[in-house]
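Observations on the three-dimensional arrangement
Chain by chain, the residues run as shown.
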Amino acid sequence: MAEKRQFPFAEEVVLPPELEGWEEMYPPQRLFSEDRAEWEKKHFWYQDKIHAPEPMYPLDDIFQEAWQIALSQFTTRVFCIPPAQGIAQRMFGCYMYICAIEPPPGEVIQQKAELFEKRVPYTFQNYLKQFEVWLERFQKLGKDMQQLHVPEELPDFVPEEEVIPIPKGTTDAYDLIESFNTIINMIFKAWQYHFQYLNLAYLAYLMFVDTARKLFPGIKESTIGKMVAGAEVSMFRPEEELCRLSRLAAAKSSVKEILKGDASAADKMNALKNTDEGREWLEELEKVKDPWFFVSCGSGWYHYEGSWINKMDVPFSYLQSYINRLEKGEKIERNLNEISEERERLVSEYKALIKSDDDRKSFEDAYNVVRSIYRYAEDHLFWVEHWLHTIWFEKIRQFGNILTKYDLLQQADDIYLFNRFEIPMLLEDLATAWACGVGVPARGPYWKKKADKRRKILEAARKWNPVPALGVPPEEVSEPFTLMLWGVTTDKVDEWLKGSTEVDTDVTEIKGFASSAGVAEGPARVLKMLGDVVDLKPGEIMVAPSTNPSWAPVFTKIKAAVTDIGGLTSHAAIVSREYGLPSVTGTGVATTVIKTGDIIRVDGSSGTVTIVKRA
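Residues numbered from 1 in each chain as written. Predicted model: local features only at pLDDT ≥ 70, side-chain atom pairs only at ≥ 80, totals over all residues. Heavy atoms only, no water.

Here we come to the overall build of the protein chain. On a plain count of helices and strands, the protein chain comes out with 22 helices and 12 strands. Rg of the C-alpha trace for the protein chain: 26 Å, near the compact-globule value of 25 Å for 615 residues, within the 12% margin. Across the 615 residues in the protein chain, those meeting the buried criterion constitute 55%. Within the protein chain, residue pairs in contact and separated by at least 24 positions form 73% of the contacts whose partners lie at least 6 positions apart. (Helix = DSSP H or I, 4+ residues; strand = E, 2+ residues; numbered from the N terminus. Rg over C-alpha atoms; globule rule 2.2 N^0.38 Å. Buried < 20%, exposed > 50% of the residue type's maximum accessible area, 1.4 Å probe, protein only. Contact = heavy atoms within 4.5 Å.)

With that settled, consider the nonpolar core. Ranked by internal contacts, the top residues of the largest apolar core, which has 181 residues, are Trp22, Trp67, Trp281 and Trp392. Among the elements that take part in this core, helix H15 (residues 376-405) stands out by supplying 15 residues, more than any other. Trp392 has contacts with Leu59, Ile62, Phe63, Met145, Ile183, Ile184 and Ile187, leaving out every residue within four places of it along the chain. Formed by 17 residues, the second largest nonpolar core is a distinct cluster that contains Ile510, Val543, Val562 and Ala590. (Core = buried A, V, L, I, M, F, W, Y, C linked by side-chain atoms within 4.5 Å.)

Let us now look at the environment of Ala271. Looking at where Ala271 falls in the secondary structure, it is placed in helix H10 (residues 265-272). Placed 12 residues apart in sequence, Ala271 and Leu259 show a C-alpha to C-alpha distance of 9.7 Å.

Taking every second residue as pointing to the same face, the buried face of strand E11 (residues 599-603) carries Ile600 and Val602, while none of Ile599, Arg601 and Asp603 on the other face is buried. The pairing of strand E7 (residues 519-526) with E11 spans 5 bridges and is classified as antiparallel. Each residue of the ladder has a partner; that of Pro523, found in E11, is Ile599. Two strands pair when backbone bridges link them, and E11 and strand E12 (residues 608-613) are joined in this way by 5 bridges, in the antiparallel orientation. Looking at the pairing, Arg601 lines up with Thr610 of E12. As consecutive antiparallel partners, E11 and E12 are separated by 4 residues, and within that stretch Gly607 has a phi angle of approximately 80°, a positive value. (Pairing = 2+ DSSP bridges.)

With 20 residues, helix H3 (residues 106-125) extends 28 Å between its outermost C-alpha atoms, agreeing within 8% with the 28 Å of an ideal straight helix rising 1.5 Å per residue. A maximum bend of about 35° is found in H3 at Phe116. Where H3 is buried, its residues touch helix H2 (61-78), helix H4 (127-146), helix H6 (198-215) and helix H14 (357-373). (Expected span 1.5 Å × (residues − 1). Bend = angle between axes of the 7 residues up to and from the residue.)

Another aspect to go through is the packing of aromatic side chains. Throughout the structure, instances matching the rule amount to 48 aromatic pairs. Where Phe63 meets Trp301, the ring centres are 6.3 Å apart and the plane angle is 70°; that geometry is what we call edge-to-face. One end of the pair, Phe63, is in helix H2; the other, Trp301, is in the loop between helix H11 (276-292) and helix H12 (313-327), and 238 residues separate them in sequence. An identical accessibility class is assigned to Phe63 and Trp301; each is buried. On the basis of an interplanar angle of 85° and a centroid distance of 5.4 Å, the ring pair of Phe293 and Trp308 is categorised as edge-to-face. (Phe/Tyr/Trp six-rings, centres within 6.5 Å; stacked < 30°, edge-to-face > 60°.)

Next comes the structure, spelled out in structure tokens:
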């Protein structure tokens, strides 16, 4: 009898004893449950390593909660993509698992098709105008969040001007509670905006791929990728501003020498204040910091990653590298013209192969749509996950500060150990103790004990190797977003089923998605931790679990990129194409099999990585 092809269900997985009580950190709707077991067991759940590769702090989980609603609703209720449903999430052992929900009944697909045919083409045709409205609306939301008042302390007595001649009617304690409720609404609204066009951007790419495959049988994925590359998008603007600041610095000898040094960013900025050239350069820096330095040092999903604006050593390390390269006569900017010319050449060559007017129109329509809306994939990324999340993290830290000041928390970032439904209880506890008068205790010891327990659970979760998937997988993984974005293929699922934790480190060749064409050979630099990115040296090949768009400053000095996770529409793939770098994504094992110093060859056209020589 054939062996049953399935992963354990959640209740069958034995968790480390140190994780006992992990469920308390998350709202009940986020967990697998007996009352939904029949539905849950009909679906295949896999760990979302793109958006949640690490154990999830309860408050950081709010982004995931928000995208589950937003992504799904724009697919099912707004643009009504006929066969597609939403993506469901469940927390398990502090990690997030997701599933593509099974298609709806045929009559619903038909209803959706009628709405889809009216709504989606209209949006494609009017996207450029609509994006201007989107950006204005989104920037207003971010500025409103920046201006949100979070009291630093609660006064012994309300100031006179808030009582006479007419009492204000509310106090800072009320403002504290109201502001938290407001910022929760704001972050959910931001994520509603996030998905306003994202599903359509990916859909446009899939439609273009489908059209190209039909018209040009045998065309490589990497060639299709080159046809859509070369765009001026917001996510690359921080790196472009660094290049501009580097060239400004290189033209001012006193500034150049300071920035080339190894002092901290704070010390360098203090030194720059002592000269006219330095002050002029600092003025230019100040002009671009908001918004362009509001970029996460990592993915933007975790509060502890930090952003350039509050970890200035990171952008200053990039500036140091750029100036050194300029002195060697190297070009530091992305070669957008070259990428665009290659795109135009390919498109012209393939269009010349088309025989009929109908086919030519079909190709041109799909091409024009993908060229206009696909840039949203990287435009929205900067404004949501980087600019707005940086503002969010700063504001939430202010709530943490006041809870720490009044001894309800040990430190400000402990606020992330509580979910969005629990924090109002902490704030109410503080407001109540303050309102009741002098000497009234809040439940600081209770909250601190709970925070300490959760901190230990998350540490244990970080040491645990979570199961890659739960439940019964489909015979063939065919859901487009699962393949194209998350890079989860049938072969990968089969590897998981074999017990893929045992990786053969003696292999000399691994395969993944041919995400960006070209071939490069050189020494590998394996990045296990976020901060390792600054160790990359010119000419090396980056090997990482995934890449973050905020790492763009290193993309002009590396030869190629290889990742464990991510499909053809993952950010790793998009960024590599935009920088003209050979890239293979979704290998599953690259960071385990390859060691720093190994000489590897990356073939971004075939999706193959060869280990030429071991270090």
